[in-house]
Amino acid sequence: FRGLEDQDRSKPFEFDPLIKACDEFMSKYPASTYGQRVREIRERAVGRKKQGKTQELETLRRTVTDLKGRDEYAKGLTEVEKMFEKYRDDPELNPELSKLKSGLVEAGLEYFKRRDDEAKSLRSVDREASRQVYLEVIEKLGSEQVKAFADACRLARQNYEAIGK
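The text that follows walks through the structure, step by step, so that each part is easy to find. Just so we're clear, the structure is a prediction, and the values are computed from it rather than from any experiment.

**Some words on the packing of aromatic side chains**
Now for step 1: On inspection of all chains with the given rule, the structure shows 2 aromatic pairs.
Now for step 2: Each ring, one from Phe25 and one from Tyr29, has its centre 5.1 Å from the other, and the planes form 50°; the classification is tilted.

**Some points on the pattern of salt bridges**
Now for step 1: For the structure shown, the criterion picks out 18 salt bridges.
Now for step 2: The salt bridge partner of Lys120 is Asp116, with a shortest N-O separation of 3.1 Å. With a gap of 4 residues between them, Lys120 and Asp116 both fall in helix H5 (residues 93–123), about one helical turn apart.
Now for step 3: The exposure class of Lys120 is partly exposed, given its relative accessible area of 46%.
Now for step 4: Beyond isolated ion pairs, a larger network of salt bridges with shared partners links Glu58, Arg61, Glu96 and Lys99.

**A short note on the layout of surface pockets**
Now for step 1: Here the second largest pocket is characterised by a volume of approximately 150 Å³.
Now for step 2: Residue lining of the second largest pocket: Val46, Lys50, Lys53, Thr54, Leu57, Asp90, Glu92, Leu93 and Glu96, and that is the complete set.
Now for step 3: Here the element with the most residues in the lining of the second largest pocket is helix H3 (residues 35–69); it accounts for 5 residues.
Now for step 4: Of the residues in the lining of the second largest pocket, the class split is 3 nonpolar, 1 polar and 5 charged.

**Overview of unusual backbone geometry**
Excluding glycine, residues mostly have negative phi values, and the peptide bonds linking residues are mostly trans.
Now for step 1: Its identity as a non-glycine residue notwithstanding, Asp71 has a phi of 60°, on the positive side.
Now for step 2: Locating Asp71 in the fold gives a position in the loop between H3 and helix H4 (73–86).
Now for step 3: Overall, Asp71 belongs to the partly exposed group, its relative accessible area being 21%.
Now for step 4: Not every positive phi belongs to a glycine, and Ser143 is a case in point at roughly 50°.
Now for step 5: In this fold, Ser143 is placed in the loop between helix H6 (127–140) and helix H7 (150–163).

**What about the packing of H3 against H4?**
Now for step 1: In the contact formed by H3 and H4, the axes pass within 8 Å of each other and the chain directions differ by 165°. It follows from the interaxial angle that H3 and H4 lie roughly antiparallel. Every pair of crossing elements has a handedness; the one defined by H3 and H4 is left-handed. Only Tyr73, Lys75, Gly76, Glu79, Val80, Met83 and Lys86 of H4 make contact with H3, whose side of the interface consists of Lys53, Glu56, Leu57, Leu60, Thr63, Val64, Leu67 and Lys68.
Now for step 2: Of the residues contributing to the contact of H3 with H4, the split by class is 7 nonpolar, 2 polar and 6 charged.

**Points about the environment of Phe149**
Now for step 1: As for its placement among the helices and strands, Phe149 is situated in the loop between H6 and H7.
Now for step 2: As for Phe149 and Tyr160, which are separated by 11 residues in sequence, their C-alpha atoms are 16 Å apart.

**Topic: helix H2 (residues 15–28)**
Now for step 1: Taking 1.5 Å as the rise per residue, H2 with 14 residues should run 20 Å; its terminal C-alpha atoms sit 20 Å apart, in good agreement.
Now for step 2: Those residues of H2 not exposed but buried are Phe15, Leu18, Ile19, Ala21, Cys22, Phe25 and Met26. Considered in projection along H2, the buried side chains sweep an arc of 160° and stay on one side of the axis. Opposite the packed face of H2, turned more than 90 degrees from it, sit the exposed residues Lys20, Ser27 and Lys28.

Scoring rules and cut-offs
Residues numbered from 1 in each chain as written. Predicted model: local features only at pLDDT ≥ 70, side-chain atom pairs only at ≥ 80, totals over all residues. Heavy atoms only, no water. Phe/Tyr/Trp six-rings, centres within 6.5 Å; stacked < 30°, edge-to-face > 60°. Salt bridge = Lys/Arg side-chain N within 4 Å of Asp/Glu carboxyl O. Helix = DSSP H or I, 4+ residues; strand = E, 2+ residues; numbered from the N terminus. Buried < 20%, exposed > 50% of the residue type's maximum accessible area, 1.4 Å probe, protein only. 1 Å grid on protein atoms, 1.4 Å probe; cavity = no way out; pocket = protein on both sides within 12 Å on 5 of 7 lines; lining within 4 Å. Points joined across faces, edges and corners; volume = space filled by probe spheres on them. Nonpolar A, V, L, I, M, F, W, Y, C, P; charged D, E, K, R; others polar. Axes fitted to C-alpha atoms, helices over the stretch in contact; angles between N-to-C directions. Parallel < 35°, antiparallel > 145°, perpendicular 65-115°, else oblique. Left-handed = near helix turned anticlockwise from the far one by under 90°. Contact = heavy atoms within 4.5 Å. Expected span 1.5 Å × (residues − 1). Arc of directions from axis to C-beta.

In structure tokens:
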């Protein structure tokens, strides 16, 4: 266990092998004199693993807030999807990640509506500015690459093309 517990601290530590090794030891040697020590190591590993996930979630929240502030909803959604993939089977994180995702999608669609209204009001005054607004919307919502915003991007592209030059 020492090799697993005292791994190089400069590298991210994977707690799952340590937890698995502890479980295997306890099942093979339930009456071992080292049982208490192994249980302590396992508890610490579980706690540190949870702490790491919590820190990752907080970092993701800050990143998403920053990206929302810059109206970069597609990038934010991509970051949330990466974490969803990493912790796909984690029942504690999935509700939090779902909230982040739905908040981003909602904010992105509100952004689209707001910018669409702006572009429509500019259309009669400055057609080029109206076209530019639609190009920005397409870029910020992921150019149809992000599934949640694909319809909004298609609509923005249609409106962009309908304005013409």
